[in-house]
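# A look at the structure
Read off the chains here:
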Amino acid sequence: MKAIFVATNFSETSDNAVLYSASLAQLFQAKLVLFNSFKLPVHGANTWLTVEAMEKLIEKNRAKLKEQAEDLSKAFKIQVEYDCQYLDWEREVDTLMNNHGARLLVMGMSAKSMEQNLLGNPTTTLISMKKFPVLAVPIGAKFKGIDKILFACDLMQAIPLRTLARLKEIAEQLKSQVTMFYVEKKVNELQAENPIFEHIEKGLENVVHVYKKVNSDTVIKEIEKEILESDSDLLVMIPKKYGFWESIVHKSKTRVMASGLSIPLLSIPVD
């Protein structure tokens with residue numbers, strides 16, 4: 001992994017995501033890039049600011065990033081870069097990640113709330129919009145290694161080899177066990193009738209993985225239950241918008257899932 005790109009607004013939630021990202025960067029021997037998308041304060045949005053005044057505000061945030069970058073580099077023995085710009089974050093994030101050679105975007109995830117479920121937030125928006133992996137880190141998640149990965153998927157739909165390759169890369173580097181959490185059919189039925197089973201076995205070759213079944217009508221509750229029972233460290237999902245996944249990636253339900261977790265959620269999109 002070349003670089004991990006983490007967005008921060010200096011809140012407690014994003015500071016926690018930064019620390020989590022630093023641990024990942026140390027483990028993957030990757031560069032960490034801290035980025036702050038500058039926005040005008042509410043009281044300043046309704047006033048005219050000179051270019052000089054705006055530059056001073058940006059420099060203030062850039063100074064915070066510099067201090068944070070130096071502290072992280074020293075504490076985790078990793079390369080840390082930083083940047084602060086006044087721009088449309090959701091529109092420009094693709095370009096920013098490409099410029100820094102980043103393959104993973106990390107953002108903090110606030111606790112579940114009615115406002116988030118109805119309106120969403122930048123993290124859930126990026127999960128649904130972008131074509132790169134997004135890691136949403138809730139405020140209570142602390143990095144203690146990732147021994148168990150829960151991959152919630154629909155085995156009746158083809159899982160792209162590139163997605164499995166990304167999952168395999170992560171699992172091998174973390175030395176993690178992967179649980180394939182799926183719906184509808186038993187494992188022996190999959191072996192007998194579904195070529196996707198062999199597809200997964202090939203894609204996750206040399207990675208320890210098991211299969212678990214759940215009824216589709218209670219999938220969100222069952223995922224939350226499985227996270228607790230299996231003591232999983234990371235939930236992985238593919239944000240599809242058809243079939244089984246209509247019950248998960250429907251706009252409001254995605255926000256419920258992402259913002260209500262106690263462990264990080266890694267969204268690996270279908271390219």
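The structure displayed is predicted, hence computed values, not measured ones.

## Some points on the packing of helix H7 (residues 161–174) against helix H9 (residues 196–203)
Relative to each other, H7 and H9 sit at 40°, their axes nearing to 9 Å. As judged from the angle between their axes, H7 and H9 are oblique. Pair H7 / H9 crosses with right-handed handedness. Between H7 and H9, the residues in contact are Leu161, Leu164 and Lys168 and His199, Ile200 and Gly203, respectively. Residue composition of the contact of H7 with H9, grouped by class: three nonpolar, two polar and one charged.

## Some remarks on the side chain of Ser23
With respect to the helices, strands and loops of the structure, Ser23 is situated in helix H1 (residues 12–28). Take Ser23: its relative accessible area is 13%, and that puts it in the buried class. When neighbours within four sequence positions are excluded, Ser23 is seen to be in contact with Phe76 and Phe143.

## So, the environment of Ile227
Its location among the elements puts Ile227 in helix H10 (residues 219–230). Residues Ile227 and Ile263, spaced 36 residues apart in sequence, show a C-alpha to C-alpha distance of 8.3 Å. Those residues in contact with Ile227, other than ones at most four positions away along the chain, are Leu150, Ser232, Leu235, Leu261, Ser262 and Ile263.

## Overview of the side chain of Ser230
Note that Ser230 resides in helix H10. Relative accessible area serves as the criterion here: at 13%, Ser230 is assigned to the buried category. At a separation of 2.6 Å, a polar atom in the side chain of Ser230 contacts the side chain of Ser232.

## Looking at the pairing of strand E5 (residues 134–138)
A large share of E5 lies buried, amounting to five of its five residues. Neither face of E5 is exposed, since Val134, Ala136 and Pro138 on one face and Leu135 and Val137 on the opposite face are all buried. Both strand E4 (residues 102–109) and E5 contribute to a ladder of five bridges, which runs parallel. If you follow Met109 over to E5, its bridge partner there is Pro138. Summarising the sheet, E5 and strand E10 (residues 265–267) pair through three bridges and their orientation is antiparallel. Bridged to Val134 within E10 is Ser267.

## Regarding the environment of Asn61
Relative to the assigned elements, Asn61 resides in helix H3 (residues 51–76). A relative accessible area of 14% places Asn61 in the buried class. In this structure the C-alpha to C-alpha distance between Asn61 and Cys84, which are 23 residues apart in sequence, comes to 7.0 Å.

Cut-offs and rules
- Throughout, a residue's number is its position along its own chain's written sequence, starting from 1.
- Totals for whole chains, interfaces and linings use every residue, but because this is a predicted model, local features are given only for residues with pLDDT of at least 70 and side-chain atom pairs only at 80 or more, for both listing and counting.
- As a rule here, side-chain values cover all heavy atoms of the structure and leave hydrogens and water aside.
- Every axis corresponds to a line fitted to the C-alpha atoms, with the helix fit spanning only the stretch in contact, and the corresponding angles, defined between N-to-C directions, vary from 0 to 180 degrees.
- In DSSP terms, a helix is any run of H or I states spanning at least four residues, a strand is any run of E spanning at least two, and both are numbered starting from the N terminus.
- When an angle is under 35 degrees it counts as roughly parallel; over 145 it counts as roughly antiparallel; between 65 and 115 it counts as roughly perpendicular; any other value is oblique.
- Here a crossing is taken to be left-handed if its near helix is turned anticlockwise relative to the far helix by less than a right angle, and right-handed if that turn runs clockwise.
- The contact criterion used is simple: two residues touch if any of their non-hydrogen atoms lie within 4.5 Å.
- Polar here means any residue other than Ala, Val, Leu, Ile, Met, Phe, Trp, Tyr, Cys and Pro, which are nonpolar, and Asp, Glu, Lys and Arg, which are charged; Gly is therefore polar.
- Exposed residues in this analysis have more than 50% of their type's maximum accessible area, buried residues have under 20%, and partly exposed residues fall in between, with area computed by a 1.4 Å probe over protein chains only.
- In protein, a polar contact means a hydrogen-donor-capable atom and an acceptor-capable atom, both N or O and within 3.5 Å, with residues adjacent in sequence counting only if both atoms are side-chain atoms; elsewhere, any N or O pair within 3.5 Å suffices.
- When DSSP locates at least two bridges between a pair of strands, those strands are taken to pair.

Read these as geometric descriptors, not functional statements.
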